[in-house]
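Observations on the three-dimensional arrangement
As a plain string of letters, each chain reads:
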Amino acid sequence: MLDGDLSRRLIEAASRRVSDHQDELSRLDSVAGDGDHGVNMATALAEATKRIKGLDDPTPAEVFRATGRAFHDSVGGAAGALFGSFFGAIGGQLNRSGNPAAPLDLVAGMEKGLARVMRVGRAEPGQKTMVDALSPAVSEARTAAGAGASLARVLGAAARSARQGAASTASMEPRAGRARYAAEQSIGTEDPGACTVALIFESWVETAE
Amino acid sequence: MSVRTRLFLNNPADAVSEMLEGYAAAHSDVIRLSDGMVVRATPKSEGRVGVVIGNGSGHEPAMIGWVGEGLFDVNVPGPIFSSPGPGGILDGIRAADRGAGVLLLVSSHAGDIMNAELAIDEAEDEGIEDVEMVILYDDVASAPKEQITERRGGAGLFFVWKMVGAIAERGASLEDCARIARRARHRTRSLSAAMGTVAHPVSGQPLGDPEDTSVAVGLGVHGEAGTRLGEDVEADQISELMIRRLVEDADLPAGARVGLLLNNGGSLTIMELSVLYRGARAELERRGIEVARSWIGPYATTLDMAGFAFAICHLDDELLDLYDAPARGAAFVMPDIH
């Protein structure tokens, strides 16, 4: 089950993992973007961690909403808007669930988040964006949660699919976002946003176990 | 050619906030800082449409130098090359509101549009009405003409800001301000060129291939790649090629009157700019197009990129009148002489 304390530890774990990989993410971003994705994601998650520390015994909903706002306030850009909307949507959904939340509640939040990312980013699967990691991750998490799996197993399914999804973006041609102006250069390189999604879910599996 | 990776900065993470403090202090007669936003030192009179824009930093003097009389009311600077978040833009909308509605202008880039839309949603949720958003684009390299709304914002938006700022200052309605934004957009085209690349000041990563020293046409303002022309191409050839592309894309007939902008993308010398301008002017004259107004200088830069952009705006009496209207920002002044 997902309580406020575990939610906080999930965000902290994501922050450490993304921070450890920020140079690699920025390098991926420099191929078709402006080379700051890793820095931005690490900055936003560090800000989220700081804000959550300032909350007194927060609910899971409060943790995820604070994370969403930290992305919106501290990095901006497309990635700030999209990741912020993703975490904010999870927070909004968990606000309507019990505390602690069940794996199915988190999955429902992730589905809301995916829908919002696709709407805000005008992105569909197959366009070389974070959606290519997020969409299979959410769908596998739904299958696992529907079968009654534990939170760790649900997140494990999400992490594996997210990683495969991120790897699949290497051969794709970008069709949404700024990378579409450098379509040729970006073939052969994984989408940095999709890689960040995979890193976050991978950090969550270990934390939930 | 090497990429300059060391800049005269303190902690790079503080570069944007320290830049804003220094810039605002140096231009305190025109602007001041308010909660991280650049606002006019003397606010526009009540009852006039407020004009606001959020944008990534690293493009100065855009847009911090474009706040002032006859220009923007508020600029919300984001991190380097990243739009500010929805909260910041919403603050900007509030700060620009003089009781006659607010026009939120957006240079078309994925992050800028997303955050502006999220901000408009939040404004609606808070009961703030009378906010209109217009998405601006002009860069002919970014999408074919048949998909013109997919194009990104480039240096030509210079003309849009100037004309919208002028009509808002005169007290036009929100609807009329938005109409001018769309008209100016419709009649404006830009194209950029550069050699080499620049490094991101925070990550230190080059934005493009640091080994490639050829000239590229059609880059984006964040170093998005363009088409390579090779190394031996002369200035006149580049100017001619770029002007031809702009004129053809805009279907400009002989006899048309244009405003011609030559934007310094960062580190070009006045010598290079003047030679490039000379070539562009000659090509326009060959085509029978009258250059009624010109502006050369750094408007929207990409840090210290060795690059530039040409933009043309097809003027008519209304747009020319708005272009000539007085304006006073830190980086752009139109004297009251017309």
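Residues numbered from 1 in each chain as written. Chains lettered and ligands numbered in written order. Predicted model: local features only at pLDDT ≥ 70, side-chain atom pairs only at ≥ 80, totals over all residues. Heavy atoms only, no water.

**Some words on the overall build of chain A**
- On a plain count of helices and strands, chain A comes out with ten helices and zero strands.
- In terms of overall size, chain A behaves like a compact globule, its C-alpha atoms giving a radius of gyration of 16 Å where 209 residues would be expected to give roughly 17 Å.
- Along the three orthogonal principal directions, the C-alpha set of chain A runs to about 45 × 35 × 30 Å.
- Of all 209 residues assigned to chain A, the portion counted as buried reaches 63%.
- A sequence separation of at least 24 residues applies to 70% of the contacts in chain A between residues at least 6 apart.
- With the model as given, the accessible surface of chain A reaches about 8,000 Å², and the carbon-plus-sulfur share is 46%.
- Of the side-chain charges in chain A, 23 are positive and 26 negative, and the distance between the mean point of each set is 4 Å. (Helix = DSSP H or I, 4+ residues; strand = E, 2+ residues; numbered from the N terminus. Rg over C-alpha atoms; globule rule 2.2 N^0.38 Å. Buried < 20%, exposed > 50% of the residue type's maximum accessible area, 1.4 Å probe, protein only. Contact = heavy atoms within 4.5 Å. Areas by Shrake-Rupley, 256 points an atom, 1.4 Å probe, with all protein chains shown as cover. Lys, Arg positive; Asp, Glu negative; His and termini not counted. Charge placed at Lys NZ, Arg CZ, Asp CG, Glu CD.)

**What about the overall build of chain B?**
- The helix and strand inventory of chain B stands at eight helices and 15 strands.
- Taking 2.2 N^0.38 as the reference for a compact globule, 338 residues should give roughly 20 Å; the C-alpha atoms of chain B span a radius of gyration of 19 Å, in line with that estimate.
- In terms of principal-axis extent, the alpha carbons of chain B reach across some 55 × 50 × 40 Å.
- By the burial criterion, 57% of the 338 residues in chain B qualify as buried.
- The contacts in chain B between residues at least 6 apart in sequence include a share of 73% that link residues at least 24 apart.
- Total accessible area computed for chain B in this model is approximately 13,200 Å², and 48% of it derives from carbon and sulfur atoms.
- On chain B, the mean spot of the 29 positive side-chain charges and the mean spot of the 51 negative ones are 6 Å from each other.

**Concerning the layout of surface pockets**
- Estimated volume of the largest pocket: approximately 860 Å³.
- If you go around the largest pocket, you meet 35 residues; those closest to its centre are Gly177, Arg180 and Tyr181 of chain A together with Ser142 and Glu150 of chain B.
- If you list the elements that add at least two residues to the lining of the largest pocket, you get α9 (183–186) of chain A together with α3 (110–125) of chain B.
- Among the residues making up the lining of the largest pocket, the classes are represented as 15 nonpolar, eleven polar and nine charged.
- Its boundaries defined by the atoms lining it, the second largest pocket holds a volume of some 730 Å³.
- In terms of lining residues, the second largest pocket is bounded by 31 residues, among which Ser74 of chain A together with Val16, Pro77, Gly78 and Pro79 of chain B are the most central.
- The greatest single-element share of the lining of the second largest pocket, amounting to five residues, is contributed by strand β5 (residues 74–80) of chain B.
- Along the lines of polarity and charge, the residues of the lining of the second largest pocket split into 14 nonpolar, 13 polar and four charged. (1 Å grid on protein atoms, 1.4 Å probe; cavity = no way out; pocket = protein on both sides within 12 Å on 5 of 7 lines; lining within 4 Å. Points joined across faces, edges and corners; volume = space filled by probe spheres on them. Nonpolar A, V, L, I, M, F, W, Y, C, P; charged D, E, K, R; others polar.)

**As for the pattern of salt bridges**
Residues and elements named next belong to chain B.
- Scanning all chains against the criterion turns up 36 salt bridges over all chains.
- For the salt bridge of Glu240 with Arg244, the shortest nitrogen-to-oxygen distance reads 3.7 Å. A residue pair is termed a helical-turn pair when its members lie 3 or 4 positions apart in one helix, as Glu240 and Arg244 do in helix α6 (residues 235–250) at four residues.
- Glu240 gets classed as partly exposed once you look at its relative accessible area, which sits at 31%.
- Across the pair Glu283 and Arg286 runs a salt bridge whose closest N-O atoms are separated by 2.6 Å. A residue pair is termed a helical-turn pair when its members lie 3 or 4 positions apart in one helix, as Glu283 and Arg286 do in helix α7 (residues 270–286) at three residues.
- Here Arg286 falls in the exposed class, since its relative accessible area comes to 58%. (Salt bridge = Lys/Arg side-chain N within 4 Å of Asp/Glu carboxyl O.)

**Structural notes on the nonpolar core**
- Within the largest apolar cluster, 66 residues are counted, with the highest numbers of intra-cluster contacts made by Phe64, Phe201 and Trp204 of chain A.
- Ranked by residue count, the leading element in this core is helix α10 (residues 192–208) of chain A, at nine residues.
- Not counting residues within four places of it along the chain, the set of residues in contact with Phe64 of chain A comprises Leu2, Ser7, Leu10, Ile11, Phe87, Gly88, Ile90, Gly91, Leu94, Leu106 and Trp204 of chain A.
- Ranked by size, the runner-up nonpolar core spans 63 residues in total, among them Leu71, Ala155, Tyr323 and Met334 of chain B. (Core = buried A, V, L, I, M, F, W, Y, C linked by side-chain atoms within 4.5 Å.)

**Quick word on the packing of aromatic side chains**
- Inspection of the entire model under this criterion finds 19 aromatic pairs over all chains.
- Each ring, one from Phe308 of chain B and one from Phe310 of chain B, has its centre 5.5 Å from the other, and the planes form 80°; the classification is edge-to-face. Neither Phe308 of chain B nor Phe310 of chain B differs from the other in exposure class; each is buried.
- Taken together, the aromatic side chains of Phe64, Phe71, Phe83, Phe86, Phe87, Phe201 and Trp204 of chain A make up a single cluster linked through ring pairs. (Phe/Tyr/Trp six-rings, centres within 6.5 Å; stacked < 30°, edge-to-face > 60°.)

**Examining the side chain of His200 of chain B**
- As for its position among the elements, His200 of chain B is in the loop between β8 (188–195) and β9 (215–217).
- Given a relative accessible area of 3%, His200 of chain B falls into the buried group.
- Engagement of the side chain of His200 of chain B in a polar contact is seen with the side chain of Asp36 of chain A, the distance being 3.4 Å.
- Residues contacting His200 of chain B, with those up to four places away along its chain left out, are Asp34 and Asp36 of chain A together with Ile80, Phe81, Gln205 and Leu207 of chain B. (Polar contact = N/O pair within 3.5 Å; in protein donor to acceptor, adjacent residues only side chain to side chain.)

**Section: a positive patch on the surface**
Residues and elements named next belong to chain A.
- A cluster of basic residues, Arg65, Arg69, Arg96, Lys112, Arg116 and Arg119, forms a positive patch at the surface.
- Broken down by secondary-structure element, the contributors of at least two residues to the positive patch are α4 (60–74) and α6 (103–121).
- By residue number, the principal contributor to the positive patch is α6, which donates three residues.
- Positionally, Arg96 belongs in the loop between α5 (77–94) and α6. (Patch = residues over 30% accessible without salt bridge, like charges linked within 9 Å, V, L, I, M, F, W, Y side chains within 5 Å.)

**A look at α6 of chain B**
Residues and elements named next belong to chain B.
- With 16 residues, α6 should reach 22 Å at 1.5 Å per residue; the first-to-last C-alpha distance of 23 Å fits that figure.
- Of all the residues in α6, the buried ones are Ile238, Ser239, Met242, Ile243, Leu246, Val247 and Asp249. For α6, the buried positions fall inside an angular range of 165° around the axis, keeping them on one side.
- Tucked inside the fold, the buried residues of α6 contact β8, β9, β10 (227–230), β11 (257–264), α7 and β13 (307–314).
- Following α6 by one or two positions, Asp251 adopts a phi angle in the positive range, close to 55°. (Expected span 1.5 Å × (residues − 1). Arc of directions from axis to C-beta.)

Note that every value here comes from positions in space, so none of it alone points to a role or purpose.
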